[in-house]
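Residue strings, one per chain:
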Amino acid sequence: MQVLSLLLLRSNRALPISTVIEELWGEHPPRSASTTTQTYIYQLRRLLEHEGFVAEGEELLVTHPYGYQLQIEPRQLDAFVFESLLNEGRRLLARGREEEAVVRLRSALSLWTGPILPHVTRGPLLSAHAIHLEEQWLRTTELCIQAEIRLGWEREVIGELRALSLSHPLNEWFHVRLVEALARAGRRNEALEAYQRARTILDEELGLSPSAELQALQVRLLSGTPEPLPESLLRGSRGRRPDFVPRGQQLSSASVQ
């Protein structure tokens, strides 16, 4: 599974045998590393054929003089679809098309069903790629929630932000957005409680004070200063958060122009 995972994450690109050896054994490979790797590739090729992934006359796992290459359609790989949707969402946000961006970003997030490669032993390369994907997930979540708050959908994201602030207690961004969403929804009491929780976590876990942004939110809450209206309300329409986009339609729409 470790070799297959590496080939999938580097699909359609030649993967040097030295890279496979580094992933499997790190800096201290055994003398038999090259032979063992070739055996793993042989077994993997047999497995792909046995499971019916290889059509007659087709070569899925290609051997090069210096390594191996797994040839698949990029859209067969969730990681590729995820990054494509994220990039589309970013382009739409940059053009002010926030509702369309949210559809793309939510579709990207819907691909996540749990931890990355939970049953695969990770060497240095798979570990680095998993960290990269996790950071991409965090950024996608941030972009999506920020856009939804700007659109005036703060009530729809409060539950999600509560869960995120619990699962990522040291990520101050989630705490800030939770306080902001509660304040915009007119739930000042709960917003102040969320601020106090964030302040306690930051102090006890990191010995830090809340950021200037979080402290400014508290000042506005205590003074009764209303939160700025979402941009969608300033434009005269609150709108409605789109429903879930089925997986099969995630990339069916036209590319962002």
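Residues numbered from 1 in each chain as written. Predicted model: local features only at pLDDT ≥ 70, side-chain atom pairs only at ≥ 80, totals over all residues. Heavy atoms only, no water.

Now, about the pattern of salt bridges: what can you tell me, with residues and values included?
All chains considered together, the criterion is met by twelve salt bridges. A salt bridge links R177 to E213, with the shortest nitrogen-to-oxygen separation between them at 2.7 Å. Of this pair, R177 sits in helix 8 (residues 172-184) while E213 sits in helix 10 (residues 212-223); the two residues are 36 residues apart in sequence, bridging distant segments of the chain. Classification of R177 by relative accessible area gives buried; the value is 5%. With its nearest N and O atoms 3.3 Å apart, the salt bridge here joins E180 to R184. Of this pair, E180 and R184 are both found in helix 8, four residues apart, which corresponds to roughly one turn of the helix. With a relative accessible area of 8%, E180 lands in the buried category. (Salt bridge = Lys/Arg side-chain N within 4 Å of Asp/Glu carboxyl O. Helix = DSSP H or I, 4+ residues; strand = E, 2+ residues; numbered from the N terminus. Buried < 20%, exposed > 50% of the residue type's maximum accessible area, 1.4 Å probe, protein only.)

Go over the packing of aromatic side chains with me, naming the residues and quoting the values.
Inspection of every chain in the model, using the stated rule, returns three aromatic pairs. For the pair F82 and W112, a centre-to-centre distance of 5.6 Å together with 70 degrees between the ring planes defines the contact as edge-to-face. Of this pair, F82 sits in helix 4 (residues 78-94) while W112 sits in the loop between helix 5 (98-110) and helix 6 (124-150), and the two are 30 residues apart along the sequence. By relative accessible area, W112 is classed as partly exposed at 24%. Between the aromatic rings of W173 and F174, the centroid separation amounts to 5.7 Å while the plane-to-plane angle is 80 degrees, which identifies the pairing as edge-to-face. Judged by relative accessible area, which is 21%, W173 ranks as partly exposed. F174 sits in the buried class, given a relative accessible area of 0%. Each member of the aromatic cluster is reached from another via a ring pair, and the members are F82, W112 and W137. (Phe/Tyr/Trp six-rings, centres within 6.5 Å; stacked < 30°, edge-to-face > 60°.)

Pulling in residues and values, what's your account of the nonpolar core?
L161, V179 and L214 are the most contacted members of the largest nonpolar core, which totals 40 residues. Secondary-structure elements contributing two or more residues to this core are helix 4, helix 5, helix 6, helix 7 (154-167), helix 8, helix 9 (188-206) and helix 10. Beyond its immediate stretch of four places on either side in the chain, V179 contacts A191, A194, Y195, L214, L217 and L221. Membership of the second largest hydrophobic core comes to 23 residues, among which are L9, L77, I116 and L133. (Core = buried A, V, L, I, M, F, W, Y, C linked by side-chain atoms within 4.5 Å. Contact = heavy atoms within 4.5 Å.)

With reference to specific residues and values, describe the layout of surface pockets.
If you add up the space inside the largest pocket, you get close to 960 Å³. If you trace the largest pocket, you find 30 residues lining it, with L8, Q76, L77, D78 and L117 closest to the centre. Secondary-structure elements contributing two or more residues to the lining of the largest pocket are helix 1 (2-9), helix 3 (33-50) and helix 4. (1 Å grid on protein atoms, 1.4 Å probe; cavity = no way out; pocket = protein on both sides within 12 Å on 5 of 7 lines; lining within 4 Å. Points joined across faces, edges and corners; volume = space filled by probe spheres on them.)

Please set out a nonpolar patch on the surface residue by residue, giving values where relevant.
Together, L170, L206 and L208 line one region of the surface with nonpolar side chains, adding up to about 270 Å² of accessible area. With respect to the helices and strands, L170 occurs in the loop between helix 7 and helix 8. (Patch = residues over 30% accessible without salt bridge, like charges linked within 9 Å, V, L, I, M, F, W, Y side chains within 5 Å. Areas by Shrake-Rupley, 256 points an atom, 1.4 Å probe, with all protein chains shown as cover.)

Outline helix 3, listing residues and values.
A rise of 1.5 Å per residue sets the reference length of helix 3, with its 18 residues, at 26 Å; its end C-alpha atoms lie 26 Å apart and thus fit the reference within 8%. Of the positions making up helix 3, those classed as buried are A33, T37, I41, L44 and L48. Along helix 3, the residues classed as buried sweep out an arc of 75 degrees about the axis, all on the same side. In helix 3, the exposed residues that point more than 90 degrees away from the buried face are T35 and H50. (Expected span 1.5 Å × (residues − 1). Arc of directions from axis to C-beta.)

Please provide a residue-by-residue account of the environment of V179, values included.
Examined against the element boundaries, V179 turns out to sit in helix 8. In the structure, V179 is positioned twelve residues away from A191 in sequence and 4.7 Å away in space, judged by C-alpha atoms.

Residue-level account of the sheet that holds strand 1 (residues 15-16), with values.
On the basis of which strands lie adjacent, the open sheet formed by three strands has the order 1-3-2 and antiparallel pairing. Each edge of the open sheet carries a strand with a single partner, namely strand 1 and strand 2 (61-64). Sheet topology places strand 2 next to strand 3 (residues 67-70); four bridges connect them, and they run antiparallel. Looking across to strand 3, one finds that L61 is bridged to L70. Contacting strand 1, strand 2 and strand 3, helix 1 runs over the sheet at an angle of about 70 degrees to strand 3. (Pairing = 2+ DSSP bridges. Axes fitted to C-alpha atoms, helices over the stretch in contact; angles between N-to-C directions.)

So what's going on with the pairing of strand 3? Which residues, and what values?
Residues in a regular strand project their side chains so that they alternate between the two faces of the sheet. Residues of strand 3 alternate between two faces, with G67 and Q69 on one and Y68 and L70 on the opposite face, all of them buried. Relative to strand 3, strand 1 runs antiparallel, the two being bridged by two bridges. By the bridge assignment for strand 3, P16 is matched with G67. Adjacent in sequence and paired antiparallel, strand 2 and strand 3 are bridged by two residues.

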